[in-house]
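What follows is each chain in one-letter form.
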Amino acid sequence: MKLPGVVLLSALAVAAQAAPSVTPVTAAQLPAGISFKGDFKQALRWTDAEGDNLVVVSTHSDDNSEYGSNDDLYAVRYTIADGKAQVRWNLHDYVHDCGVDHQATFFRGAAAQVTDLDDNGTAEVWMAYRLMCRGDISSDTMKVIVYQGAQKYAMRGETKDAGGEGGSYGFDPAFMAAPEAFRAFARKLWATHMADSPDAELRAVE
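If you're wondering where the values come from, they're calculated on a predicted model, not measured in any experiment.

Cut-offs used in this document
- Residues numbered from 1 in each chain as written.
- Predicted model: local features only at pLDDT ≥ 70, side-chain atom pairs only at ≥ 80, totals over all residues.
- Heavy atoms only, no water.
- Helix = DSSP H or I, 4+ residues; strand = E, 2+ residues; numbered from the N terminus.
- Buried < 20%, exposed > 50% of the residue type's maximum accessible area, 1.4 Å probe, protein only.
- Phe/Tyr/Trp six-rings, centres within 6.5 Å; stacked < 30°, edge-to-face > 60°.

Let us now look at unusual backbone geometry. Although it is not a glycine, D82 sits at a positive phi angle of roughly 55 degrees. Position of D82 among the secondary structure elements: in the loop between β4 (69-81) and β5 (84-98). Judged by relative accessible area, D82 falls into the exposed class, the value being 80%. With a phi close to 55 degrees, D119 is a non-glycine residue in the positive phi region. Mapped onto the elements, D119 comes out in the loop between β6 (101-115) and β7 (124-134). With a relative accessible area of 44%, D119 lands in the partly exposed category.

Rendered as structure tokens:
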């Protein structure tokens, strides 16, 4: 028979394994040789089975495009060894040539989250964001992207509109084949942010 204290300790151990130790990094603290495009938003550093890791998140807006406005968002993950950084993956998404209301932004609190939900020693890196180009109150494109190592998983759909309609999504085949814990975490992210207002974006860590 398990004692209640043992059960509690086991639960705490599982929770700890699902959240690797992560250190926020400011733009000024980025290692030498690491740059970013546009405006710095966030960087996180952690260690897992693949070594010393760093992910850097940034966005860029250009309102002077010939055919409309351009908005880009970026997330780049590096591994660092012997003082040298190597790119492991690079996420780039965008809204280009938009002549109405526009935005490409990470939701506040939903960029560069790091977990180890399947407890295999290799962290997952999560990002959730909005792509908007519209002149009305309709829904925007919404995505939740996660990488584990080099494997990418994507959840794509739409935000809720101003009237509370929408919010549908679908998982890509890789995500459907992933552990159920991944999809459960993604659904929670989606439910948290699908009704966020367009200005609910990630603010920079100075």
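On we go from here.
So, about the environment of A191. Residue position: A191 is located in helix α3 (residues 180-193). In this structure A191 comes out as exposed when scored by relative accessible area, which is 52%. C-alpha separation for the pair A191 and T159, spaced 32 residues apart in sequence, amounts to 9.7 Å.

Turning our attention to the packing of aromatic side chains. Considering all chains together, one arrives at eleven aromatic pairs under this definition. Geometrically, the ring pair formed by W126 and F182 is edge-to-face, given 6.3 Å between the ring centres and 75 degrees between the ring planes. Of this pair, W126 sits in strand β7 while F182 sits in helix α3, and the two are 56 residues apart along the sequence. Each of the two residues, W126 as well as F182, counts as buried. Geometrically, the ring pair formed by Y153 and F182 is edge-to-face, given 5.7 Å between the ring centres and 85 degrees between the ring planes. Residue Y153 is found in strand β9 (residues 151-158), and its partner F182 is found in helix α3; the two are separated by 29 residues along the sequence.

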